[in-house]
Number of protein chains: 4
Amino acid sequence: MPVTLTQHRVNYSETDQMGVVYHANYAVWLDVARTEHLRSAGMSYADFEARGFRLAVGELHLQYRKPARFDDLIRVHCWVQECASRRVTFGYRIDRADDGVLLATARTAMMVLDARFRPTRIPADVAAMLPVTAEVLR
Amino acid sequence: MPVTLTQHRVNYSETDQMGVVYHANYAVWLDVARTEHLRSAGMSYADFEARGFRLAVGELHLQYRKPARFDDLIRVHCWVQECASRRVTFGYRIDRADDGVLLATARTAMMVLDARFRPTRIPADVAAMLPVTAEVLR
Amino acid sequence: MPVTLTQHRVNYSETDQMGVVYHANYAVWLDVARTEHLRSAGMSYADFEARGFRLAVGELHLQYRKPARFDDLIRVHCWVQECASRRVTFGYRIDRADDGVLLATARTAMMVLDARFRPTRIPADVAAMLPVTAEVLR
Amino acid sequence: MPVTLTQHRVNYSETDQMGVVYHANYAVWLDVARTEHLRSAGMSYADFEARGFRLAVGELHLQYRKPARFDDLIRVHCWVQECASRRVTFGYRIDRADDGVLLATARTAMMVLDARFRPTRIPADVAAMLPVTAEVLR
């Protein structure tokens, strides 16, 4: 669990006229990886929202190393970097499945909010599901 | 009013590796044009939702003639083709502002829904704001 | 082969404030399904472009039946409806994997273009890979 | 010029089921603001690409303060923070046009590339068009 892996086949809508993936789309891949990381940890994000909580992106930091291209199979490694009472920080490494070439690294700080968008404490049962890993994949 | 006009500058995120605008993005331009058409008619779509109604796309039909490209200034002409009790159909013509070259024509059938996604009758005050035009711009 | 199937987990970026999938995103699912259909037929779309050809959407027709929602696993059935010398038409049925409930049906007419965006004949080896099926899944 | 301003009306496609703008869309707003900043400076990004250059995002850093919502008119302030020989860093402040409330701050580091995606020196005439401003709008 501490580091999970999701795969994605790059589709045409994600490319731009430079012939590579448009940079904003990487943020969506992080989101999918985070959702699957939570699912592996035993937490459905849909259920979390149904309980009246939200995880909203407070900060996004992406560093692009090599471009991803149409039809590439990419992998997103995801882990919890830090888990504070109102804020959970995830780390990510994106690489190409074929040859493992590093494409990007990223970090997102998620704010725990209630249904009215007020910062709130992460429920204890959820925090317990999110072991922090110091592992940084480069 | 019967036909309104909105303009949009094509941005980089909308292009794909063919070097033209990715086709799904035209649907967003129609949405923006429709929202502005309603605003011109005196109806804020945000207020319409606040009253408990939704306009959901039931059908989308787009015909692409010439590609739009990065940095093109495009225009969307929008009008109401038909207004039934539970369904409003909009027509669109997309062209290039510079030279008027036709890029696409489209039609969307919008279902009137209540907050629980059940089909409902369009409120009389809203229907009164939406004069139908037979005008088809080609 | 005649009808292929691809699956997709609905992600958060695809939802809108109605709490369902934003309608334009279905067009991307069709694109992915088409690319996978071609791959199953033995044709990599990336290679097709490398040979100097393009398949550009000339017409898109989508009918929405039930909304898809966050975290739904959806399936896209895809088949070739018609294969003419310069135009290939694909049919699609989108349903929910869990219970098979129909979400949308669609059709896209693809124009065969050369690298300069001029209509051209589909190469014979590609046409031979694309058996037409009359099957309409409803 | 040192700080330019672009405006954008939030459209429905940009919202998510939290009822606010999906975070990845802010990156597109930055892109539009950057393109308009360059245009104000006398540089068309389309022409820059036609000359064989690319500006690719090497790093993206976004901090979200308050959510943007459907139909909000938002403003993006944009300036050049740093201009090195192969890298131009832009700063951004996003606020709501109505009341000036700060929604987000951001920074993107752009790599200057040639047509083959190799890092290259920014042309002198372009660098001359990009006065650096120390101004940080908070």
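In what follows, the structure referred to is the one given above.
Since the structure is predicted, the reported quantities are computational estimates derived from the model, not experimental observations. (Residues numbered from 1 in each chain as written. Chains lettered and ligands numbered in written order. Predicted model: local features only at pLDDT ≥ 70, side-chain atom pairs only at ≥ 80, totals over all residues. Heavy atoms only, no water.)

Novice: What is the right way to look at the interface of chain A and chain D in this model?
Specialist: A common way to report how large an interface is uses the accessible area buried once the components associate. With 25 residues of chain A at the contact, the number on the chain D side is 25 residues. Between chain A and chain D, roughly 2200 Å² of surface is buried when both sides are summed, and carbon and sulfur atoms account for 59% of that area. For the pair chain A and chain D, the number of links is zero salt bridges. Our count for the chain A to chain D interface comes out at 10 residue pairs in polar contact (both at pLDDT 80 or more). Among the secondary structure elements, those contributing two or more residues to the side of chain A that touches chain D are α1 (25-40), α2 (45-50) and β2 (53-64) of chain A. Per-element accounting of the side of chain A that touches chain D gives the leading share, 11 residues, to β2(A). For the side of chain A that touches chain D, the residue count by class is 14 nonpolar, five polar and six charged. By the bridge criterion, five bridges tie β2(A) to strand β2 (residues 53-64) of chain D in an arrangement that is antiparallel. Its bridge partner lying in β2(D), A:E59 is registered against D:Q63. (Contact = heavy atoms within 4.5 Å. Buried area = accessible area lost by both parts, 1.4 Å probe. Salt bridge = Lys/Arg side-chain N within 4 Å of Asp/Glu carboxyl O. Polar contact = N/O pair within 3.5 Å; in protein donor to acceptor, adjacent residues only side chain to side chain. Helix = DSSP H or I, 4+ residues; strand = E, 2+ residues; numbered from the N terminus. Nonpolar A, V, L, I, M, F, W, Y, C, P; charged D, E, K, R; others polar. Pairing = 2+ DSSP bridges.)

Novice: When you look at the sheet that holds strand β3 (residues 73-83) of chain A in this model, what are you seeing that I'm missing?
Specialist: Strands pair in a sheet through their backbones, by hydrogen bonds, and they do so in one of two ways: parallel or antiparallel. In spatial order, the strands read β1(A)-β3(A)-β4(A)-β5(A)-β2(A)-β2(D)-β5(D)-β4(D)-β3(D)-β1(D); together these 10 strands make up an open sheet with antiparallel pairing. Edge positions in the sheet fall to β1 (4-9) of chain A together with β1 (4-9) of chain D, since each of these pairs with one other strand and no more. The mean inter-strand angle of the sheet, taken between neighbouring strand axes irrespective of direction, is 25°. (Axes fitted to C-alpha atoms, helices over the stretch in contact; angles between N-to-C directions.)

Novice: It is not clear to me how α1(A) should be interpreted in this structure. Could you clarify?
Specialist: Residues lying three or four places apart along an α-helix face the same way, a consequence of the helix completing one turn every 3.6 residues. Residues and elements named next belong to chain A. The end-to-end C-alpha separation of α1 is 23 Å, in line with the 22 Å expected for 16 residues at 1.5 Å each. Burial analysis of α1 places 12 of its 16 residues in the buried class, the great majority of the element. For α1, every residue scored as buried is listed here: N25, Y26, A27, V28, W29, L30, D31, A33, R34, T35, H37 and L38. The secondary structure elements touched by the buried residues of α1 are β1, α2, β2, β3, β4 (87-96) and β5 (102-114). At the C-terminal side of α1, G42 shows a positive phi close to 100°. (Expected span 1.5 Å × (residues − 1). Buried < 20%, exposed > 50% of the residue type's maximum accessible area, 1.4 Å probe, protein only.)

Novice: What should I look at first to understand the pattern of salt bridges in this one?
Specialist: A side chain with one charge may pair with a side chain of the opposite charge, provided their charged atoms come close. Following the criterion strictly, the structure yields 40 salt bridges over all chains and no others. The residue C:R39 makes a salt bridge to A:D71 at a minimum N-O spacing of 2.9 Å. Of this pair, C:R39 sits in helix α1 (residues 25-40) while A:D71 sits in the loop between β2 and β3, placing the two residues on different chains. Its relative accessible area of 27% is what places C:R39 among the partly exposed residues. Put simply, A:E36, A:R39 and C:D71 are held in one network by salt bridges that share partners.

Novice: When you look at the relation of the copies chain D and chain C in this model, what are you seeing that I'm missing?
Specialist: Copy one and copy two of the chain differ by a rotation about a common axis and a shift along it. When chain D is fitted to chain C, the best match, at an RMSD of 0.0 Å, comes from turning it 180° and sliding it 0.0 Å along the axis. Such values leave the two copies arranged in the relation of a two-fold axis. Considering only C-alpha atoms, the residue of chain D closest to the rotation axis is D:D16, which sits at 1.9 Å. The share of interface residues of chain D whose copies in chain C are also at the interface is 100%, consistent with both copies meeting through the same surface. (Least-squares fit on C-alpha atoms with pLDDT ≥ 70 in both.)

Novice: I tried to follow the interface of chain D and chain C on my own but got confused; where do I start?
Specialist: Listed per partner, the contact involves nine residues of chain D and nine residues of chain C. Here chain D packs against chain C, burying approximately 960 Å² in sum over the two surfaces, 59% of which is carbon and sulfur. When the buried area of chain D at its contact with chain C is split by residue, D:Y12, D:Q17 and D:Y22 rank highest and sum to 61% of it. Put simply, chain D and chain C have zero salt bridges between them. Taken together, the connections running from chain D to chain C amount to six residue pairs in polar contact (both at pLDDT 80 or more). Classifying every residue of the side of chain D that touches chain C gives four nonpolar, four polar and one charged.

So far we have only geometry, and geometry alone does not tell us how the molecule works.
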